[in-house]
Amino acid sequence: ETGVTQSPTHLIKTRGQQVTLRCSSQSGHNTVSWYQQALGQGPQFIFQYYREEENGRGNFPPRFSGLQFPNYSSELNVNALELDDSALYLCASSFTGEETQYFGPGTRLLVL
Amino acid sequence: GQQVMQIPQYQHVQEGEDFTTYCNSSTTLSNIQWYKQRPGGHPVFLIQLVKSGEVKKQKRLTFQFGEAKKNSSLHITATQTTDVGTYFCAGRSSWGKLQFGAGTQVVVTP
């Protein structure tokens, strides 16, 4: 059984740039959720994808967008980066009907 | 909107001692999950509680879901250095969104 993987592990960007983060879900899982975790805080729900469609969204602006592909992998795109976007971005996969979130190792984004 | 709060924010424990961390929601939850995140790591699922008043045990860890399904607790007995990390509760509301608390950071002194 393959676990959740994310790439890249670390990333440095400047304000105003755009970034794409990638996630491969655990085998057998068809739902992917993205979270933002600021330092010293709990993960904050960004959105969830199921069957290639957005299936729930947290309080994040439209410049946070995503995709899910037929193989259930997913991307998180953030446009017009701001300093406050610096955080650990976590992807979590789960199987429909099961609510346990299996987290990937995360991508640590630093915006300068 | 739904808010999930955890207390304490920090917990310093002497090895061998017991402690409890608490989780409170502003709304009734359909279920609650607990996760552990080691320093530099990612959250790892520990347990899910669904029923009102439910109690579950995992070795030295005891999890409880309140009768009103608005609060939960995690009690660790005989703390070990391997218990170091941040413990998060995450409550799921009736509309399905999972809301994480800010976590309790546990430091264990040998």
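All of the points below concern the structure found in this document. All figures in this text were calculated on a predicted structure; none of them were measured in a lab.

Considering the environment of Glu99(A)
Move 1: With respect to the helices and strands, Glu99(A) occurs in the loop between strand S9 (87-94) and strand S10 (102-103).
Move 2: The exposure class assigned to Glu99(A) is partly exposed, which follows from its relative accessible area of 29%.
Move 3: Once residues lying within four places of it in the same chain are set aside, the contact partners of Glu99(A) are Asn31(B), Gln33(B), Tyr35(B), Gln48(B) and Arg92(B).

Remarks on the interface of chain B and chain A
Size of an interface: often given as the accessible area lost when the parts come together.
Move 1: Chain B puts 17 residues into the contact, and the matching count from chain A is 18 residues.
Move 2: Summed over both sides, the interface of chain B with chain A buries roughly 1,300 Å², with 52% coming from carbon and sulfur.
Move 3: Where chain B meets chain A, there are zero salt bridges.
Move 4: Across the chain B-chain A interface, the total number found is two residue pairs in polar contact (both at pLDDT 80 or more).
Move 5: Those elements giving two or more residues to the side of chain B that touches chain A turn out to be strand S4 (31-37), strand S5 (44-49), strand S9 (85-92) and strand S10 (98-100) of chain B.
Move 6: With four residues, the single largest contributor to the side of chain B that touches chain A is S4(B).
Move 7: Taken together, the residues of the side of chain B that touches chain A break down into seven nonpolar, eight polar and two charged.

Topic: unusual backbone geometry
Move 1: Residue Pro8(A) is reached from Ser7(A) by a cis peptide bond, and omega for that bond is -10 degrees.
Move 2: Residue placement: Pro8(A) occurs in the loop between strand S1 (5-7) and strand S2 (10-13).
Move 3: The phi dihedral of Arg51(A) is positive, around 50 degrees, even though this residue is not glycine.
Move 4: Within the secondary structure layout, Arg51(A) lies in the loop between strand S5 (44-50) and strand S6 (53-57).
Move 5: Overall, Arg51(A) belongs to the exposed group, its relative accessible area being 60%.
Move 6: A positive phi angle, close to 55 degrees, is found at Lys59(B), a residue other than glycine.
Move 7: Structurally, Lys59(B) can be placed in the loop between strand S6 (55-58) and strand S7 (61-65).

Rules and cut-offs
- Residues numbered from 1 in each chain as written.
- Chains lettered and ligands numbered in written order.
- Predicted model: local features only at pLDDT ≥ 70, side-chain atom pairs only at ≥ 80, totals over all residues.
- Heavy atoms only, no water.
- Helix = DSSP H or I, 4+ residues; strand = E, 2+ residues; numbered from the N terminus.
- Buried < 20%, exposed > 50% of the residue type's maximum accessible area, 1.4 Å probe, protein only.
- Contact = heavy atoms within 4.5 Å.
- Buried area = accessible area lost by both parts, 1.4 Å probe.
- Salt bridge = Lys/Arg side-chain N within 4 Å of Asp/Glu carboxyl O.
- Polar contact = N/O pair within 3.5 Å; in protein donor to acceptor, adjacent residues only side chain to side chain.
- Nonpolar A, V, L, I, M, F, W, Y, C, P; charged D, E, K, R; others polar.

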